[in-house]
Structure formats: structure tokens, C-alpha cells
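Chain by chain, the residues:
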Amino acid sequence: MENMMEYKGYIAAVAYDDATQALYGTVVNARPAFSTVFEATDVKQLRKEFEISVDAYLSRCKEEKIEPTKPFYGKLQSSAAEIDTDIMDAQPIVLVGEHVRMEPIGQQHSMDLYEVGKDESIWRYLPRPAFKDLEDSRAWIESCIDRRERGLDIQFAVVHGAEERAIGSTGYLDIDRPNRALEIGMTWYGVDYQRTAVNTECKYLMLRHAFDDLGALRVCLKTDHRNERSQRAIERIGALRDGVLRNHRIAWDGANRHSVYYSIIDSEWPGVKARLEERLAA
């Protein structure tokens, strides 16, 4: 498993010590002398200590007039789900698979996402139309960042591992921390990457993090009633259809959209996980 925490573009390597029942984190930088270790007994405290460590590192670089270095990626060596938390602490994180790396969306992804996201066919059933120009891509990303900072959503840029460029996006939406539930949605990929392993791996990484690391009880997925292809794809994952919310919204093209809702709950996750792992191994 390779899951990391991200703050100001920095990545934390995190490990869980079963003997001491404590989480340990390291901000890994190119200069070993500036590496810093922090620890905590729950995920919320760990994130706070991580952010303090990054801010201290940046302050030291500023005082010594040294250019801050980029961090390496680290591994989560034991699931944070082993820690009993009452509130699901969904936070920005980097998720890494064989084909993709999912990282919190930022303006550094704007050009790549504009290049793949200007194709109108991608957006037919999504809440907005295709990007009309680079500024439109930047504005959408800024709205995603704003919602992330308010704790509402966590939108990811999907970076293709072989090409090292963003080829689409997906996110955790409607995050209900006290009830340990969230939605996976606002998912789109460039046409060349549809019907490949990209979507399967993204869903796997997001579901695994939600259930295994965050302790989610329910993950929801929804789609436009007209989008039968999306409905079949969600069903192949193993999600169960909850029902249809009729006249849910007026789509950007003026159509009256009914939303078809699906969900996976914690007791179903082991079977869904095995099915996804089989598909990825095929």
C-alpha cells in the first residue's frame, strides 16, 4: 500500500507502530540533514504535527536562504484504520498505483487537464461543459481547491505514471465525517484513457483508502440516468443500486437529470476489493 499525506506540495512518509500504538511520520527531503520526524496517536494529531514540521522546514530554509527541496514519495507501512477514530478524518492525500498517481489537484495540473478536457464528448453527463480555454481550466481547479479548503470535497488530478502528466480527475465528494460516509464522483478522463485500467485502478485506490484507512461505513457513486455505460461500469465494480433521485437537477445542457445512486458499505468491501484486485491482475 502506498498512501501519503500532502501539505504545501510536501509528502509525508507514514508508519504505524503496533507495539507502541503510535503513528510516526517523516517529511523526506533531498537533503537528509533537513529530514524531520514527528509522531501522534491519532490521524488528526498526525496531520497537525506534519503541517507544523513542513512549516518549520520552510522557515528554516528561508532563514538560511536555501531553496526548499522537493520531497520523495513515502509508503504507509501499516493501515491507519487500525486506529480507532470516531470521526472519519478525510484529508488530502497522494494515492499511488501501478498505472496512476492520484494527487490533490492544483494549478500545476491546469495545462495538462485543459489539453485532455477540451473534448466535449467527455462532459456530456457531467455537471459542467468542456473547458473552453486554459483560464476555464484554472478557474475550475480554483473552485476545487476552495471546496477542499472548506473541507467539502477532495478533488484529485490523475497523473499517468508512464507519461507523467495529468490525464483526468476524480474526487471524494459530499464528505460526511461524523457519519463516516462519502461519495466518489466528478470523474472524467481523456478519451484515450477511457476503457483502460486507469478508471479501475483509481476506483480501487480510492475505495481502499476510504474503507481500509479512513474507516468509512459507506461510499456512494451516482450517475446521470441517461448514462447507461457509467451505470454498467459502477455495477461491474460491485456497487449496489440504491435507487433514483428523480428530477435531481437541471443539467448544463438543459436536460432534466435523474440521478441513479449506488453504494458500497463496509461489510461488502472485502468482496468488492477482491473483485477489483482480480481485474487489475488480469
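Residue positions are counted from 1 within each chain, in the order its sequence is given. Totals for whole chains, interfaces and linings use all residues, but because this is a predicted model, local features are given only for residues with pLDDT of at least 70 and pairs of side-chain atoms are given and counted only at 80 or more. Values reported for side chains reflect all heavy atoms of the structure, with hydrogen atoms and water molecules removed beforehand.

Peer 1: So what's going on with the confidence of the model for the protein chain? Residues and values would help.
Peer 2: For every residue, the predictor reports its confidence as pLDDT, a number between 0 and 100. Residues with a pLDDT of 70 or more make up 79% of the protein chain, whose mean pLDDT is 85. Residue contacts follow a heavy-atom distance rule, with two residues in contact if any of their heavy atoms lie within 4.5 Å. Confidence drops under a pLDDT of 50 for residues 71-85, and excluding neighbours within four residues, the segment shows 45 contacts in the predicted structure.

Peer 1: Account for the packing of helix α5 (residues 228-237) against helix α6 (residues 269-281), naming residues and giving values.
Peer 2: Relative orientation of the contacting elements α5 and α6 amounts to 110 degrees, with a least axis distance of 9 Å. In terms of orientation, α5 and α6 fall into the roughly perpendicular class. Across the interface between the two elements, Glu235, Arg236 and Ile237 of α5 pack against Val272, Arg275, Leu276 and Arg279 of α6. Among the residues forming the contact of α5 with α6, the class breakdown is three nonpolar, no polar and four charged. In this analysis an axis means a line fitted to C-alpha atoms, helices contributing only their contacting stretch, and an angle means the value between N-to-C directions, from 0 to 180 degrees. Working definition: helices are DSSP H or I runs of at least four residues, strands are E runs of at least two. Numbering for both runs from the N terminus. Throughout this description, any angle smaller than 35 degrees is read as roughly parallel, any larger than 145 degrees as roughly antiparallel, any in the 65 to 115 degree range as roughly perpendicular, and the remainder as oblique. Three classes are used: nonpolar for Ala, Val, Leu, Ile, Met, Phe, Trp, Tyr, Cys and Pro, charged for Asp, Glu, Lys and Arg, and polar for all others, with Gly counted as polar.

Peer 1: Please provide a residue-by-residue account of the environment of Val198, values included.
Peer 2: By the secondary structure assignment, Val198 is in helix α4 (residues 197-213). Each residue is placed in one exposure class: buried if its accessible area under a 1.4 Å probe, protein chains only, is under 20% of its type's maximum, exposed if it is over 50%, and partly exposed if it falls in between. For Val198, a relative accessible area of 3% puts it in the buried group. Between the C-alpha atom of Val198 and that of His99, which follows or precedes it by 99 residues, the distance is 6.6 Å. Ignoring any residue separated from it by four or fewer positions in sequence, one finds Val198 in contact with Val100, Val158, His160, Ile167, Tyr189 and Tyr193.

Peer 1: Can you tell me about the side chain of Glu201, naming the residues and giving the values?
Peer 2: Examined against the element boundaries, Glu201 turns out to sit in helix α4. By the counting rule applied here, Lys and Arg register as positive and Asp and Glu as negative, while His and the ends of each chain are not counted. A carboxyl oxygen of Asp or Glu within 4 Å of a side-chain nitrogen of Lys or Arg is what we treat as a salt bridge. Arg208 is the oppositely charged side chain nearest to the buried, salt-bridge-free Glu201, at an N-O distance of 8.1 Å. Discounting chain neighbours no more than four positions away, the residues touching Glu201 are Gly97, Glu98, His99, Val100 and Leu280.

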